[in-house]
Amino acid sequence: MKKIAILGGGIAGMGVATTLASKGFDITVINKDQYYFTGPSRPLLLTGEQKYERMVRGYEEVGKKGIKLTVGSVYKIDPDERKIYVSETTSSTTKEVSYDYLVIAPGIIFDGSSINGYDKWWWKNTTVYDLGRVNVLKERVWTKTEGNIVVYAPKAPYRCAPAPTETAMLIHTILKYRGIRDKFNITYIDANDKTQPPFTADIVSQVFEKAKINLVTNQEIIEMNDKEVITKSGEKYKFDILAMLEPNRAPSFIKDSGLGDDYVDVRSPQDLRHPKYDDVLSAGDVAKLPFPKNQEIAFESSLFAANKIMEIEGISDKVPVQYAFVGWAYMGNLEGKLETYSLQFRLDLTSKPPKPSKDPELKKEYTLQKDNWEQAYLERLFSYKNI
């Protein structure tokens, strides 16, 4: 029985694991935690429209499918010897895991080291991307009574393109709900020439204007202190609340193992094997793909990775998959009600050039659609519903 080691128990990792679970493989998922916490709806934790208990899943039910779980942090891969080195597992301090196929899908790292002053003033920053920091951001937005708020998106690609603009609009919603919106100045800084994804930028700009959010593009933050951020062009923006997404990159062990620099190198979006190793594949945010980094791409890439392994092993029943998806962006509520409206968009990456479309009308229905979509993924990959 061929052994498949999967680094990461998120959408991409579990997509591979559950797809191959009934195909006669010995599957081990290596994850840093004993649970998974979903990402797309994290911004709604700010307004209280989402709850932690609806977002977390354990791995126990997928164990019934024969999938094994190793809890720990990968610190080294030796692709020539087909070995993975794991530290801080529940059973021992270090562990070696061998494999016949390796699928790398650990997600990405938020790395603020390129921002001067970040090492000293990191605690001034929050984001919706991290479970602890979204909780801190919520506390600050709900308790502050006046001041300046700065929200920042780094250069693309980064995980979940709409999340920074979602953050700005949900902060506006909360302050409006509290009746103190006029006491705050909200500035949204984007290192890109448009808010992301770019084909929704016109709608975002219109909504920002109505919400009186200052939109600044083509400005990359390179320095911070306890009171302000500074861009590459020398512009300074004061803050009392900072929600700055740091630049994204792969975990350090990827580069140390010679598998890529910022992300894991692949042969093509459909053939996710490493250029040097036929038995090493990657999927999800960590893979060097010419696409946005989001849950749909993570899952679709996992199916391509699983299909490639089945193809190599002579298994004919591959799963249908293509790179195309529907997405939603939370746009808050301009009136200050804790009832978020969303923008729906589509992106077909099978056409050249990629074909985007969107509904310019913001709807509460789209927020519900996004929730149903997220919960369906969690049930599919972790084999149980939230109660």
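Please read these numbers as outputs of a predicted model, since none were measured by experiment.

Moving on, we get to the sheet that holds strand S22 (residues 342-348). An order of S21-S22-S23 is seen for the 3 strands of this open sheet, with the pairing classed as antiparallel. Each edge of the open sheet carries a strand with a single partner, namely strand S21 (324-330) and strand S23 (355-363). The sheet shows a mean angle of 15° between the axes of neighbouring strands, direction not considered. Where S21 lies against S22, 7 bridges are found, and the strand directions are antiparallel. Bridged to Ala329 within S22 is Leu343.

So, on to helix H3 (residues 131-143). Across its 13 residues, H3 extends 19 Å between first and last C-alpha, which sits within 8% of the 18 Å expected from 1.5 Å per residue. Listed in full, the buried residues belonging to H3 are Arg133, Val134, Leu137 and Val141. What you see down the axis of H3 is that its buried residues fit within an arc of 100°, all on one side. Put simply, Asp130 is the residue that caps the front of H3, since its side-chain oxygen is 3.0 Å from the backbone nitrogen of Gly132.

Inspection of the entire model under this criterion finds 25 salt bridges. Residues Arg267 and Asp278 are paired through a salt bridge, measuring 2.4 Å at the closest nitrogen-oxygen approach. Remark: Asp278 occurs in the loop between helix H6 (252-256) and strand S20 (280-282) and Arg267 occurs in the loop between H6 and S20; sequence separation between them is 11 residues. For Arg267, a relative accessible area of 34% gives the class partly exposed. On the basis of relative accessible area, Asp278 is assigned to the partly exposed category, the value being 46%. Residues participating in the shared-partner salt-bridge network are Arg267, Asp271, Arg273 and Asp278.

Let's shift gears to the packing of aromatic side chains. One pass over the full model with this rule turns up 14 aromatic pairs. Ring pairs connect the aromatic residues Phe299, Trp328, Trp373 and Tyr377, which therefore count as one cluster. When the ring centre of Tyr330 is taken as origin, the NZ or CZ atom of Lys370, which lies over that ring, is 3.8 Å away.

Attention shifts here to the environment of Gly284. You can see Gly284 is positioned in the loop between S20 and helix H7 (295-312). It is 12 Å that separates the C-alpha atoms of Gly284 and Ala306, two residues lying 22 residues apart in sequence. When neighbours within four sequence positions are excluded, Gly284 is seen to be in contact with Ala12, Ala298 and Ser301.

Let's shift gears to helix H1 (residues 11-20). Where burial is concerned, most of H1 is hidden: 10 out of the 10 residues are buried. Looking only at H1, the buried set comprises Ile11, Ala12, Gly13, Met14, Gly15, Val16, Ala17, Thr18, Thr19 and Leu20. On the buried face of H1, the contacting elements are strand S1 (3-7), strand S2 (26-31), strand S3 (35-37), strand S9 (101-104), H7 and helix H8 (364-382).

Sheet strands associate in pairs through backbone hydrogen bonding, adopting either a parallel or an antiparallel arrangement. Read across the sheet, 3 strands follow the order S15-S16-S17 without closing on themselves; strand pairing throughout is antiparallel. Strand pairing shows two members of the sheet lacking a second neighbour, strand S15 (221-224) and strand S17 (236-238), which therefore form its edges. On average, each strand axis in the sheet is inclined to that of its neighbour by 25°, with strand direction left out of account. Pairing of S15 with strand S16 (residues 228-231), which is carried by 3 bridges, proceeds in the antiparallel orientation. Bridging from a neighbouring strand, Met224 pairs with Val229 of S16.

Attention shifts here to unusual backbone geometry. Here the bond from Ala156 into Pro157 is cis, since omega is 5°, no more than 30 degrees from zero. Here Pro157 is to be found in the loop between strand S12 (147-153) and helix H4 (163-178). The linkage connecting Gln196 with the following residue, Pro197, adopts the cis geometry, with an omega of -10°. Relative to the helices and strands, Pro197 is located in the loop between strand S13 (184-190) and helix H5 (201-211). The residue Cys160 is not glycine, and still its phi comes out positive at about 55°.

What follows is about the pairing of strand S6 (residues 73-78). Inspection of the sheet shows S6 paired to strand S7 (residues 83-87) by 5 bridges, in the antiparallel sense. In the sheet register, Asp78 faces S7, and the bridge partner there is Lys83. Linkage of S6 to S7, two consecutive antiparallel strands, is achieved through a turn of 4 residues, within which Arg82 is found at a positive phi near 55°.

Below, the discussion takes up the side chain of Ser257. Locating Ser257 in the fold gives a position in the loop between H6 and S20. With relative accessibility at 14%, the residue Ser257 sits in the buried group. The contacts of Ser257, once residues within four sequence positions are left out, are Lys76, Ile77 and Pro79.

The next point concerns the nonpolar core. Residues Ile4, Leu20 and Ile27 are the most contacted members of the largest nonpolar core, which totals 87 residues. By size, the runner-up hydrophobic cluster in this structure holds 19 residues, among which are Ala5, Val86, Ala250 and Phe253.

How each quantity is defined
- Residues numbered from 1 in each chain as written.
- Predicted model: local features only at pLDDT ≥ 70, side-chain atom pairs only at ≥ 80, totals over all residues.
- Heavy atoms only, no water.
- Pairing = 2+ DSSP bridges.
- Helix = DSSP H or I, 4+ residues; strand = E, 2+ residues; numbered from the N terminus.
- Axes fitted to C-alpha atoms, helices over the stretch in contact; angles between N-to-C directions.
- Expected span 1.5 Å × (residues − 1).
- Buried < 20%, exposed > 50% of the residue type's maximum accessible area, 1.4 Å probe, protein only.
- Arc of directions from axis to C-beta.
- Polar contact = N/O pair within 3.5 Å; in protein donor to acceptor, adjacent residues only side chain to side chain.
- Salt bridge = Lys/Arg side-chain N within 4 Å of Asp/Glu carboxyl O.
- Phe/Tyr/Trp six-rings, centres within 6.5 Å; stacked < 30°, edge-to-face > 60°.
- Lys NZ or Arg CZ within 6 Å of the ring centre and 35° of its normal.
- Contact = heavy atoms within 4.5 Å.
- Core = buried A, V, L, I, M, F, W, Y, C linked by side-chain atoms within 4.5 Å.

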